[in-house]
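One letter stands for each residue in the lines below.
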Amino acid sequence: MHSVQHHGQQPRRPDLPHCCQPLSPFHNLQELRHSASLANKVFIQRDYSEGTTCRFQTKFPSELESRIERTLFEDTVKTLNNYYAEAEKIGGQSYLEGCLACSTAYLIFLCMETRYEKVLKKIAKYIQEQNEKIYAPRGLLITDPIERGMRVIEISIYEDRGSSDSSSGSSSSS
Amino acid sequence: MHLGVSESMRECEYSQISTRSSTPMETPYKKRTPKMRKWESFPGRNKFYCNGRIMMAKQTGVFYLTLVLILVTCGLFFTFDCPFLALELTPVIPVIGGVLFLFVLGTLLRTSFSDPGVLPRATPDEAADLERQIDVANGSTGYRPPPRTKEVVINGQTVKLKYCFTCKIFRPPRASHCSLCDNCVERFDHHCPWVGNCVGRRNYRFFYMFILSLSFLTIFIFAFVITHVILRSHRSGFLNALKDSPASVLEVVVCFFSVWSIVGLSGFHTYLISSNQTTNEDIKGSWSSKRGKDNYNPYSHGNIFTNCCAALCGPLPPSLIDRRGFIQSDTPQLAPPTNGITMYGATQSQQSHMCDQDQCIQSTKFVLQAAATPLLQQQSSQPVILTASPENGGSLPGRTSLTLGGPCTSLPLGQPTPPTSTPSLSCHEATDMLPIHGHSHTHNHSHPHQEPVAHHHFLTPEEVPSPPGMLPCGSPLGHSHTMQAGFYNPASQDSLHEDSVRGLVKLSSV
C-alpha cells in the first residue's frame, strides 16, 4: 500500500503565475495518482471540420483555466494534431509502404511495424514527457487518446489532499 | 465521504460475521490474480479465437460455405484439369492458378479475421460528460429527449453526427453501428456474411482485393475448364470428355454462377473506391447530386487516381480495441457528479469497470441465493419478477450484470437529495449495498434491443438481498427498513436517463 508522503512545501516557481504554482512535488506520475484524489476529468473532443483525419479541438476548456496556461495547453494539442496528421499522411512513403506490403501479402508486417505505429510510439513518448514536465506539477494528467479509442484526449484533474485528510488518506488507495 | 463510510463499515461488518456465515463469498474486494485479456470482456457480439488474435462476427456459417466453395473448386481444378492443361498447353497455367488461389485465400482470411475498425465504447466518465453536455444544450429534459445529433461542417458540406445509444458516443463521420455485431465501426461499408465480418476502415482494402482476385480466379478457372473440355472433346467426343473429367461440370456450374455476382460486386466496389464512397452512402444517396445542386462528397480527393491510392495504399490505422491487452484494475474513476446524472460504476475508485465482472458474478450469486429464500416482506402490489439465472456465471459478464443493473437503471441515478422521498432512498440504499461496479456494463446494454431482456430481469428492491453486514449499514443512514414499493412514478421525475424511463414504462405495464 502506498503511503502518503508529504515532502513539505514546494518552493514557489517564479516563472509560473500564482494560480499555477505546483501543488506538491510529484516526483513521478505514480505518486500523483496515489497521493492526490481525482477531482474531475475534462474531455477534449475530436475536430471533424477537416474530414475523418484525426484532429482534436484546440478550444481551451474552462475547467483548466485556473490550472494551466492557455498557450501550453494549445501547444500540446497542436503538437498532437501534427503527429496524427503525419501518421495519416497520404503521400509517397505511404504508397510505397502499401505497395510493398501488398506484394508480400502483408507478411512484411510481421517483422516491420507500420508508419502509423511508429508515430503512435512517438506520441506516447511525447505525452509522457509532457505529463512529467508540465502537467503533473500542476496536478493534471493527460491520457493517451489511443487508450480512449482516439475519440478524446482525457485530462484528469487531481486535487492534492494535503494535510487536512492525511488520516484518511490511505483509504482510497487500499 | 458517503461511500468511504459505508465501505469501512462493510469491512468491519465482514469481520464480525465471517465466523457465523457459511457463504462462499468472503471478500469480494480481493483482487483476482489471473489476469484477463480485454477480448474476454468485449461488449460487442464478436467471436474471438487464438487468444484474441482473430476476430469475427457471431454468425460464421456462410463464411465456412465460402471457404468450402473456394477450396473445393480450386482443389478439383488442380487435381483434374491442371495435369491435362499443363501437358497440353503450358505448365504456367497451374502456377498462375496457384498464385491466384493463395492470394484469394490470404485476402479472405485477412478480411475475415481482422478488426474492421471497431470503435471502443465510451468509458463511464466520458459518457457522463457527454450526457451533461447534451442536457445543457437541450435545456428542457422531457421523458424522451430528442434524437441526439451534432452538426459539423466538413470541407463545406454539413454532416450530421449521430449519437449512438449503445456505445454512448457521437459517431465520427462515416462511422455506423452494425446491428449484427453490436459495434460502431469506422468508415462502415457493410456487414458481409460471406466473409463473416464487417467491412470497415481497416479491412476494406483486403475485402476489395479479395473480390477482385476472386473474380480473376473465377474467370480463370471458368475459361480453362472450358478449354480443357473442348480440347478433350476434339479427341474423344463431347460426351466422352465429360465422362473422363466429371469434376469439370461441377466447376463450370459453380464458376458460372459466381462470375456474375462477384464480377458485378468488384465493378461496384471499384466505382465506390474511385469516388471515395461507402456502400452505406451510395445506397442512401448521401452525396448524390439528385439531393441538391450543391451536394458533393466532401471526402473525395478530387481525382480517381488519388481516391484509389488512398483507399488501397493509404496508411493502415491500428486496431483501437487492443484485444490482447490485459485488463487494468487500478484506473481511478470519478466520484458521481452532483447534478443528478451519474454513473454507478464511477463510485469506486479502485476498480475499473472491466474487471468488475468478477464482482458482478459474486453479486449475482448473492441475488440467486437470496431469491431462493425471500428475505423481506413484500409490500408492493406489483408482482415480483425474479431474475433468470445467467447461463453460466462467468461467460457473459455484460448480461450477468444486467440482472442487477435492471433495478438500478430503472431507478434515478442521482443522489437521493430529498429525504422525504423514501422510495428513492431505499433504492439508493439497495444499490449502494450491493457491490455493484458492473453498472457500467449496463450502459453498454442500453441499446433498445436489450429492453426485452432487461424487462425480465428486474428485481424489486425487496428482493435484493442484503449480503451479510449490509443491512445494519442501512440504519445509520437513517433509512427505514419497511421499504415501500421501490419504483418511481415516472411522472414524479424530471431528469431521467432515457433507458431508465423505458425501463420504468415497461415495469409499470407488468
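Residues numbered from 1 in each chain as written. Chains lettered and ligands numbered in written order. Predicted model: local features only at pLDDT ≥ 70, side-chain atom pairs only at ≥ 80, totals over all residues. Heavy atoms only, no water.

Where an unreviewed UniProt entry is consulted, chain B appears under the name Palmitoyltransferase, with the organism given as Sander lucioperca. Recorded in UniProt for chain B, the comment headed Catalytic activity (unreviewed entry) runs: "L-cysteinyl-[protein] + hexadecanoyl-CoA = S-hexadecanoyl-L-cysteinyl-[protein] + CoA". (UniProt positions renumbered as here; feature names shortened; annotations may be inferred.)

Named according to an unreviewed UniProt entry, chain A is Golgin A7 family, member Ba originating from Sander lucioperca. Heading Subcellular location (unreviewed entry) of the UniProt record for chain A holds this comment: "Golgi apparatus membrane". Recorded in UniProt under Sequence similarities (unreviewed entry), the annotation for chain A is "Belongs to the ERF4 family."

Colleague: Account for the environment of B:L119, naming residues and giving values.
Modeller: Tracing the sequence through the fold places B:L119 in strand β3 (residues 118-119). Judged by relative accessible area, B:L119 falls into the buried class, the value being 3%. Taking the C-alpha atoms as reference points, B:L119 and B:V185, separated by 66 residues in sequence, lie 5.7 Å from one another. Filtering out sequence-adjacent residues up to four positions away, B:L119 remains in contact with A:G149, B:I169, B:P172, B:A175, B:C184, B:E186 and B:L320. (Helix = DSSP H or I, 4+ residues; strand = E, 2+ residues; numbered from the N terminus. Buried < 20%, exposed > 50% of the residue type's maximum accessible area, 1.4 Å probe, protein only. Contact = heavy atoms within 4.5 Å.)

Colleague: Could you give an account of a nonpolar patch on the surface, with specific residues and numbers?
Modeller: All names here are of chain B. Nonpolar side chains collect at one region of the surface, where V249, V253, F256, F257 and W260 lie side by side and expose about 530 Å² of accessible area between them. Tracing the chain through its elements places V249 in helix α7 (residues 247-274). On the accessibility criterion, V249 (41% relative accessible area) is partly exposed. (Patch = residues over 30% accessible without salt bridge, like charges linked within 9 Å, V, L, I, M, F, W, Y side chains within 5 Å. Areas by Shrake-Rupley, 256 points an atom, 1.4 Å probe, with all protein chains shown as cover. Salt bridge = Lys/Arg side-chain N within 4 Å of Asp/Glu carboxyl O.)

Colleague: Describe the interface of chain B and chain A, listing the residues and the values that go with them.
Modeller: Each partner contributes to the interface: chain B provides 40 residues, whereas chain A provides 35 residues. Of the roughly 3000 Å² buried where chain B meets chain A, counting both sides, 62% is carbon and sulfur surface. Here chain B and chain A share three salt bridges between them. Its salt-bridge partner being A:R151, residue B:E126 comes within 2.8 Å of it at the nearest N-O pair. Between chain B and chain A we count four residue pairs in polar contact (both at pLDDT 80 or more) in total. Secondary structure elements with two or more residues in the side of chain B that touches chain A: α3 (92-113), α4 (124-138), β4 (149-154), α5 (204-236) and α9 (304-313) of chain B. Its residues placed into classes, the side of chain B that touches chain A shows 25 nonpolar, seven polar and eight charged. (Buried area = accessible area lost by both parts, 1.4 Å probe. Polar contact = N/O pair within 3.5 Å; in protein donor to acceptor, adjacent residues only side chain to side chain. Nonpolar A, V, L, I, M, F, W, Y, C, P; charged D, E, K, R; others polar.)

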